[in-house]
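Results of the structural survey
What follows is each chain in one-letter form.
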Amino acid sequence: MEKSVERAQRTVIRFSFGLLLGIILLIAAIWGGRDLYVRWQEKRLVRRATHDIEHGNERDASLAARSILEMKPSSAAAARIMAELAEQAGERSALDWRRKVAQLDPHSVDDALALVRSAVQFNDIATAERALSTVDDNARNTAPYHAATALIAQAKHEDEKAEAKWTEALQLAPDDKSYQLQLGILRLRSPDERQRASGEHILGALRSDPAQRSAATRALLGAAVAQQDDARKLVDLARELEGYPEATWTDRLVFLDLLHEVQDLQFSSYLAELEKKAADDPGGLVTLLSWMSRSRLNLLALDYTKSLPAERLQKWPVPMAVADVYVQLAEWKQLETLTGKGLWGRFDFLRHAYLSRALREQGKAAAAEREWGAAAKQASGQSDFLSVLIQTASEWKWENESIELLWSLSKRPEKQKEAFLALYRNYAKTADTQGLYRVLLRLSELDATNLDVQNNRAQVSLLLDVNPTEARRLAADVYHKSPKNPAYVATYAYSLLTQGNPKEALRTMTSLTEDQLSDPTVSAYYGICLAANGDEKARGYLEFGKKANLLPQEKDLIDKAYASLNSRSRNR
């Protein structure tokens with residue numbers, strides 16, 4: 001009986017173990033099958049997206065890439081596609097995608113160099129240099145590496161280094177026409193006549209290459225405009241450029257602009273031709289309307305929009321271009337009608353902004369404030385949207401709104417420094433000392449090694465008499481690190497003056513040369529120190545110092561210096 005029970009137990013255990021093993025194998029099979037399916041789908045969708053990009057179908061390419069990312073967020077291939085699409089559209093989100101690819105595939109030299117190129121495109125040189133530094137030593141003697149180094153050098157205006165690096169890239173890849181193009185463009189802007197001639201020769205030869213002719217002709221046209229060449233030569237170059245099958249709307253409008261400028265008889269017929277082309281192309285329509293607005297042809301633009309079907313005017317981004325025309329013509333009621341409803345997609349925050357403008361201009365303050373609040377709230381989700389809204393507010397000279405948005409932007413790590421520098425420029429322009437102090441506190445936290453920022457923080461703190469002990473310590477620290485910098489000397493001297501030590505303050509200022517004292521701001525502080533010591537020479541320096549862009553507190557210091565000198569004169 002006991003043996004039967006034992007046999008039964010062993011049978012149950014074996015069955016249970018077999019069942020468990022079967023379940024595990026089934027799960028593994030299902031999971032493995034899913035993994036195979038995801039990989040198959042990824043390859044299929046990548047091929048589709050690549051084909052769509054090659055044929056100019058960016059929308060479907062984006063949909064394919066996003067479908068991959070939904071299934072597999074760690075897909076480097078999909079992130080590359082999103083980066084390429086963003087670069088083509090000129091969107092800074094390309095940098096985020098390139099960073100993601102570099103993180104997913106940290107050993108890929110191609111992806112590191114792609115991040116360099118993207119960072120240069122969006123003028124983020126620090127990111128470009130960091131990405132370049134990650135490239136393995138074994139890959140540094142390659143043409144793409146030298147080309148990436150050249151791009152960074154060009155962005156930093158280090159033309160000699162860029163020339164050397166493009167030359168090295170071409171030695172390693174002599175048939176690469178894109179490197180030839182970059183070298184030609186670089187030489188074309190050289191102050192040396194022979195270098196310019198060499199650049200023209202290189203670019204002239206590339207005009208016979210279908211893949212490079214547009215970029216080469218654009219460069220030659222840009223140089224001709226900069227050198228103020230004969231107008232007919234400019235028109236001929238622009239005509240050739242717009243005649244290429246791959247010509248962009250920008251190329252066409254450059255030609256149109258030149259025809260307009262020289263009052264060519266072809267202008268009207270070519271404008272009519274472009275109007276016909278733009279009618280079925282939302283992107284071209286926006287570009288043409290924007291050109292008309294910039295060229296003060298807003299009435300003509302308004303008449304043109306009236307000739308178009310309503311559904312074409314509703315396709316984004318056309319509504320914004322029409323809104324700009326209404327703004328230029330001060331057609332506030334029509335702008336209100338346009339923006340009161342409509343589908344602006346993810347840019348709906350701009351619809352609220354333009355509606356706010358229309359309402360404000362009509363004296364509807366409460367409704368305008370409500371719409372602006374909606375615009376700011378919708379834009380706050382993305383730093384790029386905030387930047388667009390800031391630019392819009394700045395163009396409208398809505399200073400208070402711009403400042404509020406910049407403070408919102410400063411909360412986003414990727415845009416902090418950019419936002420604070422913009423705020424600093426704004427507060428300096430309006431001589432808002434309190435605002436400068438707020439910004440400098442944050443900037444000094446972000447970059448404690450920047451002596452200019454630390455010096456300005458100490459100076460403003462002393463002017464406001466806020467935390468003066470810390471400000472004096474900071475001023476002394478900056479001065480001792482760079483005792484020949486006139487701005488640092490002036491701040492340190494003033495800190496000594498605030499401690500009741502006018503003789504030491506003046507001794508510090510006298511270390512400056514006459515050339516350094518020729519700066520109006522430095523001259524003002526020298527005059528203040530001279531006046532504190534009762535020296536009548538102060539008057540000339542104080543008078544010259546008035547030419548500086550001074551803060552209110554600095555102007556008060558000059559007034560007090562004059563009062564001190566006048567009092568001494570009366571008591572003699």
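Preceding this paragraph is the structure being described.
Okay, so let's go over this structure. (Residues numbered from 1 in each chain as written. Predicted model: local features only at pLDDT ≥ 70, side-chain atom pairs only at ≥ 80, totals over all residues. Heavy atoms only, no water.)

1. Examining the overall build of the protein
The cut-off we apply is this: Segments assigned H or I by DSSP are reported as helices when at least four residues long, segments assigned E as strands when at least two residues long, and all are numbered from the N terminus. Between the two quantities, the radius of gyration covers C-alpha atoms and the globule rule is 2.2 Å times the number of residues to the power 0.38. Under the scheme applied here, a residue whose accessible area is under 20% of the maximum for its type counts as buried, over 50% as exposed, and between as partly exposed, the area being computed with a 1.4 Å probe on protein chains only.
A count of helices and strands for the protein gives 33 helices and zero strands. Whereas a compact globule of 572 residues would reach a radius of gyration of roughly 25 Å, the protein reaches 32 Å, over 25% beyond that. Referenced to the eigenvectors of the C-alpha coordinate spread, the extents of the protein come out at roughly 125 × 95 × 65 Å. Here the protein holds 572 residues, and 44% of them are scored as buried.

2. Section: the environment of Leu172
Position of Leu172 relative to the elements: it lies in helix α8 (residues 159–172). On a C-alpha basis, the gap between Leu172 and Ala143 in space is 5.6 Å, while along the polypeptide they are 29 residues apart.

3. A closer look at the nonpolar core
Spelled out, the test is: The nonpolar core is taken to be a set of buried Ala, Val, Leu, Ile, Met, Phe, Trp, Tyr and Cys residues, with the residues joined through side-chain atoms within 4.5 Å. By the convention used here, residues are in contact when the closest approach between their heavy atoms is within 4.5 Å.
Counting 113 residues, the largest nonpolar core has Leu256, Leu288, Met292, Tyr304, Leu389 and Met509 as the members making the most contacts within it. Counting residues per element, this core draws most heavily on helix α31 (residues 520–532), at eight residues. Apart from the residues within four sequence positions on either side, Met509 is in contact with Val489, Ala490, Ala493, Leu517, Val522, Tyr525, Tyr526 and Cys529. Ranked by size, the runner-up nonpolar core spans 41 residues in total, among them Ala147, Ala150, Trp166 and Leu203.

4. Let's talk about the pattern of salt bridges
Two side chains bearing opposite charge may form a pair once their charged atoms approach each other closely. Let me state the cut-off plainly: When a carboxyl oxygen of Asp or Glu lies within 4 Å of a side-chain nitrogen of Lys or Arg, that pair is called a salt bridge.
Taken as a whole and assessed by the stated rule, the structure comprises 35 salt bridges. The shortest N-O distance in the salt bridge between Lys333 and Glu336 comes to 3.6 Å. Note that Lys333 and Glu336 are positioned in helix α19 (residues 332–339) at a spacing of three residues, about one turn of the helix. Lys546 is the salt-bridge partner of Glu543, the closest N and O atoms lying 3.5 Å from each other. When its relative accessible area of 44% is taken as the criterion, Glu543 is described as partly exposed. Through salt bridges with shared partners, a single network forms among Arg80, Asp105 and Asp111.

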